[in-house]
Amino acid sequence: MPPAPPHSTCENQESTSIQDRIHNHPCYSEKAHHHYARLHLAVAPACNIQCNYCNRKYQCANESRPGVVSELLTPAQALKKTLLVSEKLPQLSVVGIAGPGDPLANPQRVFSVFKTLATQAPDLRLCISTNGLALPEWVDELARYSVEHVTVTINCIDPEIGAQIYPWIFWKNRRYKGIKAAEILLAQQQKGLKMLVERGMLVKVNSILIPGINDHHLPEVNRFIKQTGAFLHNITPLIAKAEHGTYYGLTRQREPSPEELLTVRQICGENMNVMHHCRQCRADAVGLLGEDRNAEFTLADLDNHPDIDHQAVMQKRMLAKTQIQAALTNPTANYHIPLSSLKTSKNSLKKYRSLLVAVATRGQGLINEHFGHAKEFLIYEASAQEIKLLRVHKTQLYCTGQQECDEAETRMHNILQGLAGCELLLCAKIGYAPWKQLEAAGIQPNSEYAMVPITQAIANIYAEFKQAGKLTLSSQQQAS
Amino acid sequence: MAFSIIDSCINCWACQPLCPTHAIYEAQPHFLITASQCTECAGHYADPQCASICPVEGAILDSTGHALNPLGSLTGLPA
């Protein structure tokens, strides 16, 4: 089947063969993430390094951050969970192993899962996310199971900076600390990245933006990984809350602001593909990137569920895939609007300013979520040239303690802060009280585009605003 | 001469496959060491393997009851 037409500008530049490999991977393709689901199998508990942003002790079901899981799975349970998830979520396209430790510090468990899935669910893409320390020795084994998507976390290429991020590593039967640890780890990461690229694998590099530690260094990391041949750079904000018990949390290391994140992404984005739709999901996340349905698939559910026919669920997945691809390529669905209303001369870029729009969606690329139910908002930037996803604002990103979990006030405050700069909020429905609050904060709510494709709605609004003269820059602004 | 794992163990499995004498086993509420099998890695490795990968300070004790990774030794956080 030919790959779907490209969506974002960066995907436009990809060759057909690469399109084929990313078109249904929600992390590698922004378009795919509206439609295809992923499953993280929490089969890898052990870790071979310590990161200052990670604490393995704290495991709260309400908390969403990498390295956290509710239940650890055996390889047999992992297979059953994959089949059960497929039955309920046939749009499942990717099975990844991301922890809660490091997959390659648990090679036996991880490759036992891959071996079974390669025969019982050959249509599913297998994927791992690793710190890279053990990567060089397992690259060929990954290739054996046709793992084509590997994420390596590379926070720095300078050991001096590494020593401030990684207090120790376990390497060749010894624990190393300080600069020596960082030197070994960084060398292994770089070697592993090179080996993956040589074997034609698509590598996503994750970098955690840590203000004051690696913020000014990340463009250098970006140049290095681009030069080495990484496919995608995912720069994510540090999560450091004292209640998580991490070194950075307890030592009050500051998290980056949304603006700082955007700035670094923008600098790096000029050089290579940068990811804007990452949700920093848990090592046991299930569903579309914006949702986590893991609570529907507990160990108790697995035990109580009768055995599932792997052939039958594979048929279901194949059917779902055909349907999604048909919907995406159907011209009458108008999902990929030509943006003809936006495609204008370079001169227009100078004449008209851009517009930030927040969107409530629960998938399929549509404006289909009620404001009050939204767990996150996608923030798009519309300009005279293109419509692009800038970032995602989560409304319940971290557990802030039970007493605050359902407080509407706190939630609204968090949303208003997170959507700062947006002029509009598009959702399927919204109540009177939040409408008023948003309006008072200068964000115009709009539910007229319920069930309309996101990009189409934003294109219409941009055209309307432009026509009404709301986006015209003054001659002074144009000159600057 | 044997090490022991105490209740601050987080059951991360990191130590279990490294033990050269297979003295470490999964148990509830946390992993344990069969004292009669533990050699403290003497003759196998320069450093005891379980204590070299354990991410939790104070979770593994030596035969005299002292933590092999004392508070502050891994995280750099004040004890």
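Up top is the structure.
To continue, consider the overall build of chain A. When helices and strands are tallied, chain A shows 17 helices and 15 strands. Residue pairs in contact within chain A that sit at least 24 positions apart in sequence constitute 73% of those at least 6 positions apart. Element-wise, carbon and sulfur atoms account for 50% of the exposed surface of chain A, whose accessible area totals about 20100 Å².

Residue and element names in this part refer to chain A. Within helix H5 (residues 135–144), the full set of buried residues consists of Leu135, Pro136, Val139 and Leu142. For H5, the arc enclosing every buried residue in end-on projection is 90°, short of the 170-degree limit, so these residues lie on one face. Set apart from the buried face of H5 by more than 90 degrees, the exposed residues are Glu137 and Arg144. In this fold, the buried residues of H5 make contact with helix H4 (107–120), strand E4 (125–130), strand E5 (149–153) and helix H7 (178–198). Where H5 terminates, the next one or two residues include serine 146, which has phi positive at roughly 55°.

Another aspect to go through is the packing of aromatic side chains. Residue and element names in this part refer to chain A. What the rule picks out here adds up to seven aromatic pairs over all chains. Measuring from ring centre to ring centre gives 6.0 Å for tyrosine 28 and phenylalanine 231, while their planes differ by 20°; the resulting arrangement is stacked. Residue tyrosine 28 is found in the loop between helix H2 (16–22) and strand E1 (37–40), and its partner phenylalanine 231 is found in the loop between helix H8 (218–228) and strand E9 (232–237); the two are separated by 203 residues along the sequence. For the pair shown, tyrosine 28 and phenylalanine 231 are each scored as buried. Taken together, the ring pairs connect Phe111, Phe114, Trp138 and Tyr145 into an aromatic cluster. Over the aromatic face of tryptophan 168 sits the side chain of arginine 175, whose NZ or CZ is 4.4 Å from the ring centroid. Over the face of the ring belonging to phenylalanine 371 we find arginine 411, whose NZ or CZ atom lies 5.8 Å from the ring centre.

Procedures and definitions
Residues numbered from 1 in each chain as written. Chains lettered and ligands numbered in written order. Predicted model: local features only at pLDDT ≥ 70, side-chain atom pairs only at ≥ 80, totals over all residues. Heavy atoms only, no water. Helix = DSSP H or I, 4+ residues; strand = E, 2+ residues; numbered from the N terminus. Contact = heavy atoms within 4.5 Å. Areas by Shrake-Rupley, 256 points an atom, 1.4 Å probe, with all protein chains shown as cover. Buried < 20%, exposed > 50% of the residue type's maximum accessible area, 1.4 Å probe, protein only. Arc of directions from axis to C-beta. Phe/Tyr/Trp six-rings, centres within 6.5 Å; stacked < 30°, edge-to-face > 60°. Lys NZ or Arg CZ within 6 Å of the ring centre and 35° of its normal.

In short, shape yes, function no, at least from these values alone.
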